[in-house]
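Survey of secondary and tertiary structure
Listed here are the chains, written in short residue letters.
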Amino acid sequence: MANEKLTIGIILGSTRQGRVSPQVGDWVKGIADKRGDANYEIVDIAEYNLPFVFTTDGSEPGIKAWSEKLTSLDGFVFIAQEYNHSITGALKNALDTARDEWNNKAAGIVSYGSTGGARAAEHLRGIFGELQVADVRVHPTLSLFTDFENGTVFKPAELHLNNVNAMLDQVIAWSGALKTLR
């Protein structure tokens, strides 16, 4: 197990048309892949077609596929957008659709919004506590005003590179340590 690379999912937290989370997720993955310390993959919640939690019998194929994907991951980086001072409804639903699959894993947060997505990240941290996800301290925050052109084209400031790498350092360390509990 010591020589086995961890697998970290970069979770895109939005499903809306015109979303920019794929741009942010690809940017984080590009930085992560250069490190060579883990296997990183984009996990797009939009691809799972998750129904609203507890509104069906739970037999939809997307729910099973979502559970299997989460089980296969050792840790996470959440791309979290701030909508109405919180996370998206789609991300909350995706979090609530699973339970044990989240336990004893680490997560980092890359957020964006008018205030860097800070309020969404704080809400996400509270949810993580309930799901037994250990969130790391370093938290890159991206501004809609300085890191995006016209709110649609992602152009991150160079200063974010150090924060993303520091966050990934913590996600890898904690994910490895928590793997011993699973």
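In what follows, the accompanying structure is described. (Residues numbered from 1 in each chain as written. Predicted model: local features only at pLDDT ≥ 70, side-chain atom pairs only at ≥ 80, totals over all residues. Heavy atoms only, no water.)

What about the pairing of strand β4 (residues 105–113)?
Counting buried residues in β4 gives 9 out of 9 residues, a clear majority hidden from the surface. Here β4 shows two buried faces, one formed by Lys105, Ala107, Ile109, Ser111 and Gly113 and the other by Ala106, Gly108, Val110 and Tyr112. Relative to β4, strand β3 (residues 75–81) runs parallel, the two being bridged by 7 bridges. Note that in β4 the partner of Gly75 across the bridge is Ala106. Examined bridge by bridge, β4 and strand β5 (residues 133–135) share 3 bridges and lie parallel to one another. Considered in β5, the bridge of Lys105 is made with Val133. One crossover worth recording links β4 to the parallel β5 by way of helix α4 (residues 118–131), and it is right-handed. Looking at chain direction, β4 and strand β6 (residues 141–143) are connected through 3 bridges and run parallel. Pairing of Gly113 across the sheet is with Ser143, part of β6. (Buried < 20%, exposed > 50% of the residue type's maximum accessible area, 1.4 Å probe, protein only. Helix = DSSP H or I, 4+ residues; strand = E, 2+ residues; numbered from the N terminus. Pairing = 2+ DSSP bridges. Right-handed = clockwise from strand over helix to strand, strands pointing away.)

Some words on the packing of helix α1 (residues 21–35) against helix α5 (residues 160–179)
Contact geometry for α1 and α5: axes closest at 10 Å, N-to-C directions at 65 degrees. For the crossing formed where α1 meets α5, the hand is right-handed. Of α5, the residues touching α1 (which contributes Trp27, Val28, Ile31, Ala32 and Arg35) are His160, Leu161, Val164, Asn165, Leu168, Asp169 and Ile172. (Axes fitted to C-alpha atoms, helices over the stretch in contact; angles between N-to-C directions. Left-handed = near helix turned anticlockwise from the far one by under 90°. Contact = heavy atoms within 4.5 Å.)

Structural notes on unusual backbone geometry
Not every positive phi belongs to a glycine, and Phe54 is a case in point at roughly 65 degrees. The topology assignment puts Phe54 in the loop between β2 (38–44) and α2 (61–72). Phe54 sits in the exposed class, given a relative accessible area of 77%. Here Asn104, not a glycine, exhibits a phi torsion of approximately 60 degrees, which is positive. Position of Asn104 among the secondary structure elements: in the loop between α3 (89–97) and β4.

Here's the deal with the packing of aromatic side chains
With the rule as written, the count across this model stands at 9 aromatic pairs. Between Trp27 and Phe154, the aromatic rings sit 5.2 Å apart at their centres with planes inclined by 80 degrees, giving edge-to-face as the arrangement. In this pair, Trp27 sits in helix α1 while Phe154 sits in strand β8 (residues 153–154), placing the two residues 127 residues apart along the sequence. Residue Trp27 shares its accessibility class with Phe154, and that shared class is buried. Ring plane angle 40 degrees and centroid distance 5.0 Å describe the contact between Phe148 and Phe154, whose orientation is recorded as tilted. Like Phe154, Phe148 is buried. Members of the aromatic cluster, joined through ring pairs, are Tyr48, Trp66, Phe76, Phe78, Trp102 and Phe128. (Phe/Tyr/Trp six-rings, centres within 6.5 Å; stacked < 30°, edge-to-face > 60°.)

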